[in-house]
Amino acid sequence: MIHRRQLLQSIPWAAGALAPFAPLTALADDASGVAPRLPFRANAPLAKVRAEPDRLIDFAVCTRPFRPQGPRIEAQQLHGKHVVHHYGHGGSGWSLSWGSARQALPLILATRDRHIAIIGCGAIGLTTARVAQRAGLRVRIYCKERPPEVRSSAATGVWSPDSRLYTEEHATPPVAAQWERMARSSFKTWQSMLGLPGEPVEWHDAYVVSDTPFEEPLPDTGPDEEPEYAELEERVRELRPRLVTLRPGEHPFKAPHARRFAQLVFNLATYQRLLMDDFLREGGEIEQRDFVHARQIAGLRERTIVNCTGYGAKALFGDKSIVPVRGQTARLIPQPQVDYALYWRGHNLAMVPRRDGLLVQAQGPHDYNNEDTQVDRALSEDAVRRLAGLMA
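The residue numbers shown here count from 1 along each chain, following its written sequence. pLDDT decides what is reported in this predicted model: residues at 70 or higher carry local features, side-chain atom pairs at 80 or more are listed and counted, and totals for whole chains, interfaces and linings draw on all residues regardless. No hydrogens and no water enter the side-chain calculation; it runs on all heavy atoms of the structure.

### Topic: the sheet that holds strand S13 (residues 349-354)
Line of reasoning, step 1. If you trace the 8 strands from one edge of the open sheet to the other, you get S1-S11-S14-S13-S12-S6-S8-S7, paired in mixed fashion. In the strand order of this sheet, the two ends are held by strand S1 (56-66) and strand S7 (244-246), each with one partner. Here the average twist between neighbouring strands, direction ignored, is 25°.
Line of reasoning, step 2. Across the sheet, helix H4 (residues 173-192) lies against strand S6 (201-210) and strand S8 (257-266), angled at about 80° from S8, the strand it touches most. Being paired, for any two strands, means DSSP has found at least two bridges between them. In DSSP terms, a helix is any run of H or I states spanning at least four residues, a strand is any run of E spanning at least two, and both are numbered starting from the N terminus. Angular values range over 0 to 180 degrees, each being the angle between N-to-C directions of two axes fitted as lines to C-alpha atoms, with helices fitted over their stretch in contact. Contacts: residue pairs with any heavy atoms within 4.5 Å of one another.

Structure (structure tokens):
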């Protein structure tokens, strides 16, 4: 059996919390989802990736906090505190962080407390802290780890607002409308960061290549453990540049079929430092604290607590709905001249150009519901060798 999700993987919109091959369908005005034929004009020949395993300089694994019903954004009274839960963004944490934090803000402001606490210093925790500061609040972050040690530091770092976020049955019209508000709000904020020192956000050309025509389904690879994810991208269609189909000879890759599009990339090392510097400059405080039970929040001095613990909420707050989705990335030595992303349809392979190196992501066969965070070096080395095979 071939999942519909597999068919949509012909054009990846890789993911922000480490969602390697999220669905992307129509990006154009015609029924095929592909822009009308346009001539291919590259500014210069594409630089060749030095895809050699001995150039790998870093490996990282994290667990995406997927919830079938989507992010948890709600408040409750717990252990004498007003707790606002804000977690469970699957592979869309970085992408949706600004818009999602703005959705949580009214729940935070409801108590009229001017000093609040946030548990967690990852993508959602840091961004929520900045949104709260902009609303005039004093914020203290409690965390066991801070960037770059947090799990979201291992994300692919691309705009993927609909990656592993909801299952089909939970994406009701109100839920889809809320997602659209979050996606549009986040996108606008990301665009405001273009051109800042260190290039925390950049647009790059990207190519998706295929061994078979894009119109043909991928071969059946056996049972698929992952659910059918909701298809929401049509609601923000105009935010995404359209695909262009390339003819043989219009691209340098060893694959007969190719398409070009534009990809928004987050340089996470620079961006996290920007968030941290802004947070501390505006009076934010960070206190190291390892929470092992939710009862510990009773001892915090703040009355309003925002729970941004991501996958950690499964154990800390007993949320059994969270499903871990394992993701492994590796970085090749930076090649500034390689300024394009590359995806190989049907091979679960992605390469993203970042300032801290060429990020290579390979999807394992059993990543869904897998909380193993041990690095499998052979998996990344194999991905690099396959990447080398694509380079002419």
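From this point on, the discussion continues.
### Thoughts on the side chain of Glu 381
Line of reasoning, step 1. Within the secondary structure, Glu 381 is located in helix H7 (residues 377-390).
Line of reasoning, step 2. Excluding residues that lie within four positions of it along the chain, Glu 381 makes contacts with Pro 53 and Leu 56.

### Description of the pattern of salt bridges
Line of reasoning, step 1. Salt-bridge detection follows one rule: a side-chain nitrogen of Lys or Arg within 4 Å of a carboxyl oxygen of Asp or Glu. Summed over the entire model, instances satisfying the criterion amount to 24 salt bridges.
Line of reasoning, step 2. Its salt-bridge partner being Glu 381, residue Arg 385 comes within 4.0 Å of it at the nearest N-O pair. In this pair, Arg 385 and Glu 381 both sit in helix H7, 4 residues apart, roughly one turn of the helix.
Line of reasoning, step 3. Burial classes follow relative accessibility: with a 1.4 Å probe on protein chains only, a residue under 20% of its type's maximum area counts as buried, one over 50% as exposed, and anything between as partly exposed. What makes Arg 385 partly exposed here is its relative accessible area of 47%.
Line of reasoning, step 4. With relative accessibility at 19%, the residue Glu 381 sits in the buried group.
Line of reasoning, step 5. Each of Asp 58, Arg 331, Arg 354 and Asp 356 takes part in one network of salt bridges that share partners.

### Regarding the sheet that holds strand S3 (residues 81-87)
Line of reasoning, step 1. The strand order across the open sheet formed by 6 strands is S2-S3-S10-S4-S5-S9, and the pairing between neighbours is mixed. Both outer strands of the open sheet, strand S2 (72-78) and strand S9 (285-288), are each paired with one neighbouring strand and no more. Within this sheet the neighbouring strands show an average axis-to-axis angle of 25°, counted without direction.
Line of reasoning, step 2. Sheet topology places strand S5 (residues 138-143) next to S9; 4 bridges connect them, and they run parallel. Each residue of the ladder has a partner; that of Tyr 142, found in S9, is Glu 287.
Line of reasoning, step 3. Contacting S2, S3, strand S4 (115-119) and strand S10 (304-307), helix H2 (residues 93-109) runs over the sheet at an angle of about 170° to S3.
Line of reasoning, step 4. Along the sheet face, helix H3 (residues 123-134) touches S3, S4, S5 and S10 and points at about 170° away from the line of S5.

### Comments concerning H7
Line of reasoning, step 1. Under the 1.5 Å per step criterion, the end-to-end length of H7 is 20 Å for 14 residues, consistent within 8% with the ideal 20 Å.
Line of reasoning, step 2. Listing the buried residues of H7 in full gives Ser 380, Glu 381, Ala 383, Val 384, Leu 387 and Leu 390. Viewed end-on, H7 has its buried residues packed into an arc of 165°, placing them on one side of the element.
Line of reasoning, step 3. On the buried face of H7, the contacting elements are S1, S6, strand S11 (323-332), strand S12 (340-344), S13 and strand S14 (357-362). How far a helix is expected to stretch is found by multiplying one less than its residue total by 1.5 Å. Each C-beta atom gives one direction from the helix axis, and the arc is the one those directions make.

### Thoughts on the pairing of S10
Across a regular strand the side chains alternate sides, sitting on one face of the sheet and then on the other.
Line of reasoning, step 1. Burial along S10 is two-sided: the face carrying Thr 304 and Val 306 and the face carrying Ile 305 and Asn 307 are both buried.
Line of reasoning, step 2. Direction of pairing for S3 relative to S10: parallel, over a ladder of 4 bridges. Bridge pairing in S10 links Val 83 to Ile 305.
Line of reasoning, step 3. Pairing geometry for S4 and S10, over 4 bridges, is parallel. Paired with Ile 119 across the bridge in S10 is Asn 307.

### Focus on the packing of aromatic side chains
Line of reasoning, step 1. Planes of paired rings set the category: under 30 degrees apart is stacked, over 60 is edge-to-face and the rest tilted, where pairs are Phe, Tyr or Trp rings (Trp by its six-membered ring) whose centres lie within 6.5 Å. Per the stated rule, a full pass over the model turns up 12 aromatic pairs.
Line of reasoning, step 2. Pairing Tyr 142 with Phe 291 gives two aromatic rings, centres 6.4 Å apart and planes at 85°, and the pair type is edge-to-face. On the criterion of sequence distance, the pair formed by Tyr 142 in strand S5 and Phe 291 in the loop between S9 and S10 is long-range, its members being 149 residues apart.
Line of reasoning, step 3. Seen from their ring centres, Phe 187 and Trp 203 are 6.3 Å apart, and the 70° between their planes marks the pair as edge-to-face. With Phe 187 in helix H4 and Trp 203 in strand S6, this residue pair connects regions lying 16 residues apart in the sequence.
Line of reasoning, step 4. Since its relative accessible area comes to 11%, Phe 187 is described here as buried.
Line of reasoning, step 5. Accessibility expressed as a relative area gives 31% for Trp 203, which makes it partly exposed.
Line of reasoning, step 6. Members of the aromatic cluster, connected to one another through ring pairs, are Trp 94, Trp 190, Phe 266 and Tyr 271.

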